[in-house]
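Residue strings, one per chain:
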Amino acid sequence: MNINLMTKNTALALALIALPATAALADSGLTGCAAKKAEIQQQIDYAKAHDNSYRVAGLEKALAETSAHCTDASLRADREADVRKKEQKVAEREQELNEAKATGRTDKIEKKQEKLEDAKEELAEAKAELNK
């Protein structure tokens, strides 16, 4: 099996496993840096339970950095900047789609439409993150 495919499959599996945990954090009422630290701690607990010492080390470093440097104001500013970036990307994709429509080539139109939909999904995720 291809290494990149294995890595992607592993990452996908871990993301799917962590999804219920992330939902539980959303229900905890924590926001901002407190929620971010709780999420990292939950990932550390999961990595420890699965004997993933390299992941634990990286997450513990991330937790220390978050504890030392995270403020709710800076986190919000970062998330707002991410939303603005994603909005710009959507606008660019809309322009690309309009240009493709002008050519009349359905293959290009379909490809640009897919990219626009992806950009809109990323924007929706960034907006959801903004409210955490």
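Just above sits the structure.
All values reported here derive from a predicted model rather than from experimental measurement. (Residues numbered from 1 in each chain as written. Predicted model: local features only at pLDDT ≥ 70, side-chain atom pairs only at ≥ 80, totals over all residues. Heavy atoms only, no water.)

Caption draft 1: Here's a closer look at the overall build of the protein. Within the protein, the secondary structure is distributed over five helices and zero strands. The N-to-C order of helical and strand elements in the protein reads α-α-α-α-α. Taken over 132 residues, the protein has a buried fraction of 20%. Long-range contacts, defined as pairs at least 24 residues apart, comprise 53% of the intrachain contacts of the protein with a sequence gap of at least 6. Accessible surface, the protein: about 9,300 Å² in total, of which carbon and sulfur atoms supply 54%. (Helix = DSSP H or I, 4+ residues; strand = E, 2+ residues; numbered from the N terminus. Buried < 20%, exposed > 50% of the residue type's maximum accessible area, 1.4 Å probe, protein only. Contact = heavy atoms within 4.5 Å. Areas by Shrake-Rupley, 256 points an atom, 1.4 Å probe, with all protein chains shown as cover.)

Caption draft 2: Here's a closer look at the environment of E96. Tracing the chain through its elements places E96 in helix α4 (residues 72–103). Overall, E96 belongs to the partly exposed group, its relative accessible area being 24%. Sequence separation between E96 and L116 is 20 residues; the distance between their C-alpha atoms is 8.7 Å. In this structure the side chain of E96 is engaged in a polar contact, spanning 3.2 Å, whose partner is the side chain of R93. (Polar contact = N/O pair within 3.5 Å; in protein donor to acceptor, adjacent residues only side chain to side chain.)

Caption draft 3: Main features of the state of the cysteines. Following the criterion strictly, the structure yields one disulfide and no others. Between the sulfur atoms of C33 and its disulfide partner C70 the distance amounts to 1.9 Å. Torsion about the S-S bond of the C33 and C70 cystine: about -80 degrees, corresponding to left-handed handedness. Linking C33 in helix α2 (residues 32–49) with C70 in the loop between α3 (53–69) and α4, this pair joins segments that are 37 residues apart in sequence. (Disulfide = S-S within 2.5 Å.)

Caption draft 4: The arrangement of the environment of A34 in detail. Assignment of secondary structure puts A34 in helix α2. Note: C-alpha distance between A34 and C70 (36 residues apart in sequence) is 9.2 Å.

Caption draft 5: Structural view of helix α5 (residues 106–130). In this model α5 runs 36 Å from its N-terminal to its C-terminal C-alpha over 25 residues, within 8% of the 36 Å that 1.5 Å per residue would give. Along α5, the residues classified as buried are L116, A119, L123, A126 and L130. (Expected span 1.5 Å × (residues − 1).)

Caption draft 6: Representation of the packing of α4 against α5 within the structure. Viewed as axis vectors pointing N to C, α4 and α5 meet at an angle of 165 degrees, and their least axial separation amounts to 9 Å. When the axis of α4 is compared with that of α5, the two are roughly antiparallel. At the point where α4 passes α5, the crossing takes the left-handed sense. Tallied by class, the residues present in the contact of α4 with α5 amount to 10 nonpolar, one polar and 18 charged. (Axes fitted to C-alpha atoms, helices over the stretch in contact; angles between N-to-C directions. Parallel < 35°, antiparallel > 145°, perpendicular 65-115°, else oblique. Left-handed = near helix turned anticlockwise from the far one by under 90°. Nonpolar A, V, L, I, M, F, W, Y, C, P; charged D, E, K, R; others polar.)

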